[in-house]
Amino acid sequence: MYNIKLIKIMKKFTALKRKGRVAGFILLFSACIGGFGSCDEGMEITTPTYSPSDPGKAIVFTDYTPYEGSVRTRMYINGKNFGTDVSLINVTIGGQKAKVIHSDGNQIYCMVPARASNGYVEVEIKNTDGSRASKHTFEHKFNYIYNTMVSTLCGVVDEKDQSSVTDGTFEEAGFVDPRFMKMDDSKGRRAIYIFEGNKTLRKIDLQTQTVSTILKTGVVNWQHVNAMDWSEDKDTLFVNNVTSNDTQPGVYYFLRKEGFSVPHDCVIERDINCVFTNPDPTNNGLFLIRGNDASLLGATFNPETQLWDATKLATFGNAGQWYQNAVFHPSGDFVYCIARNQHCIQKAVYNRNTKLLEAPNVFVGRFGSAGYNDAPGTDAKFDTPLQGCFVKNEEYVKEGRKDIYDFYVTDCNNHCIRKITPDGIVSTFAGRGSVSSDGIVSGYIDGELRKTARFKYPTGICYEEATATFYISEGNRRIRTISVQ
């Protein structure tokens, strides 16, 4: 008998959940499952009703609180006869639409949206036919406080925590395994090229707010991709291909004029795990790192074969380090090599006379020792760092420093983004917020960098200088942002 009662209750609960009206029913449901004997077989379940404002009474606006705050601040708007149907209530703060969460008729509860900078708080109450019942603008302006916050850009995940590789608008697009990212900000462009898994290249267009698939295995014979880099003019994209076949390309290149959709053989070489270029146009070159023996190779174009010839330059560290990413400093003076398996970041100086990279030395992190610790140099600890990017620090510019760039890196198994100063000071930039009582630091929470925000296995990162925005791919199957809001 109890099972029959529970099934009936659950059916009603499911129907209510689809309508988003479960708050009152959850209390009833909890009481029932707490003691089935108290639920009568023939009882009537009263579901909450949501009504519009009473057209026979005046709608009154008195005040709102608080008068200042940042994005996601809870705002309460007080008055009378608002109605309880939030679908008929619109609130804008600083010209931006706010999310209305609840109304009891006399108080509206909403969240302050991002960049609500002009301060005006406007409330519109509608009738059931969509016509306007009342609109009010408060005289007292809201003081919006800008903070650096973590937000979600795109990535659809349903209520069952399922997702799929889906192209479309930011509201439609889905990811399953977003990884390595490269920003395309040349000549006013605003796009991100990103690996979906290890065999598909996708494009996030920040201008049109759409996601599309550029290439996937079948069109190109990718065995395993995990790194890409631009030519100096950003019209050519180099992509690695980890293959065990000596006759297959270890690197492909793709041209902008072809929409980066046509693969061209670049370097015939096995086991190329990492590809990177020197940003200095006077010393531009293509560098490769072979995974099995950590060999550094240089590649130069051969006009006769129309391929790049690879030459071993040095043994670049120890076998098994598995360099996931190598990034030249914007000056071209040195490279940070992210040794994923050894949980550290190494630094290799570029010799402008020989045009070679010198042997790398551990810069930050403890070689071969995974952990989590913010500290200088080799006292710091990482757990599987994956991708990093350099970002100009305006404070360093004001101070007249020689090196004006910090380095930000995804620390995958620590579920956070780490920051490394030119002096080698490692700190946690974002993530690991709202630590639960059981010590879990991963999750999916937007908000303040350290107090609230959580990531889950962040893998890729890139930075858009024009908007001062970080873009991060991660295990929640979403693309997250870090920006001033």
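Residues numbered from 1 in each chain as written. Predicted model: local features only at pLDDT ≥ 70, side-chain atom pairs only at ≥ 80, totals over all residues. Heavy atoms only, no water.

1. Some points on the pairing of strand S36 (residues 469–474)
Among the six residues that make up S36, six are buried, leaving the element largely enclosed by the rest of the structure. Burial along S36 is two-sided: the residues Thr469, Tyr471 and Ser473 and Phe470, Ile472 and Glu474 are all buried. The sheet contact formed by strand S35 (residues 460–464) and S36 spans five bridges and is antiparallel. What sits directly across from Gly460, in S36, is Ser473. The loop that links S35 with its antiparallel partner S36 comprises four residues; one of these, Ala468, has a positive phi angle of about 55 degrees. Both S36 and strand S37 (residues 478–484) contribute to a ladder of five bridges, which runs antiparallel. Bridge pairing in S37 places Ser473 opposite Ile479. Connecting the antiparallel pair S36 and S37 is a turn made up of three residues, with Arg477 showing a positive phi of about 65 degrees. (Buried < 20%, exposed > 50% of the residue type's maximum accessible area, 1.4 Å probe, protein only. Helix = DSSP H or I, 4+ residues; strand = E, 2+ residues; numbered from the N terminus. Pairing = 2+ DSSP bridges.)

2. Description of the confidence of the model for the chain
For the chain, mean pLDDT is 88; residues scoring 70 or higher make up 89% of the total. Taken together, the stretch residues 1–41 has pLDDT below 50 and engages in 34 contacts with residues farther than four places along the chain or on a different chain. (pLDDT = per-residue confidence, 0-100. Contact = heavy atoms within 4.5 Å.)

3. Structural notes on the pattern of salt bridges
Inspection of every chain in the model, using the stated rule, returns 24 salt bridges. Among the ionic pairs, Arg418 bridges to Asp374, the shortest N-O distance being 2.9 Å. Here Arg418, found in strand S32 (residues 416–420), pairs with Asp374, found in the loop between strand S29 (361–364) and strand S30 (385–392); they are 44 residues apart in sequence, far enough to count as distant. On the basis of relative accessible area, Arg418 is assigned to the buried category, the value being 0%. A residue is classified by how much of its surface remains accessible, and Asp374, at 33% relative accessible area, is partly exposed. By sharing partners, the salt bridges in this structure join Arg72, Asp446, Glu474 and Arg480 into a single network. (Salt bridge = Lys/Arg side-chain N within 4 Å of Asp/Glu carboxyl O.)

4. As for the pairing of strand S3 (residues 74–80)
In the sheet, strand S1 (residues 60–65) pairs with S3 via five bridges, with the strands oriented antiparallel. In the sheet register, Phe61 faces S3, and the bridge partner there is Gly79. As paired elements, S3 and strand S7 (residues 107–111) share five bridges and run antiparallel to each other. Bridge pairing in S7 links Arg74 to Met111.

5. Brief notes about the nonpolar core
For soluble globular proteins, the rule of thumb is that nonpolar side chains tend to be buried together. One finds Leu201, Trp222 and Leu286 to be the most contacted residues of the largest nonpolar core, which totals 30 residues. Top contributing element to this core by residue count: strand S19 (residues 249–255), with five residues. Setting aside residues no more than four positions away along its own chain, Leu286 makes contact with Phe238, Cys266, Val267, Val275, Phe276, Thr277, Leu297, Gly298, Ala299 and Trp308. If you look at the next biggest cluster of nonpolar residues, it comprises 23 residues, including Ala98, Ile108, Cys110 and Val123. (Core = buried A, V, L, I, M, F, W, Y, C linked by side-chain atoms within 4.5 Å.)

6. What to know about the sheet that holds S36
The five strands are arranged S34-S11-S37-S36-S35 in an open sheet whose pairing can be described as antiparallel. Only two strands of the sheet have a single partner each, and these edge strands are strand S34 (447–448) and S35.

7. So, the sheet that holds strand S31 (residues 405–411)
The four strands lie next to each other as S30-S31-S32-S33, forming an open sheet whose pairing is antiparallel. The open sheet is flanked by S30 and strand S33 (426–431), the only strands paired with a single partner. Going across the sheet, the axis of each strand differs from the next one's by a mean of 30 degrees, ignoring polarity. In this structure, S32 lies alongside S33, joined through five bridges in antiparallel fashion. In the sheet register, Arg418 faces S33, and the bridge partner there is Thr428. (Axes fitted to C-alpha atoms, helices over the stretch in contact; angles between N-to-C directions.)

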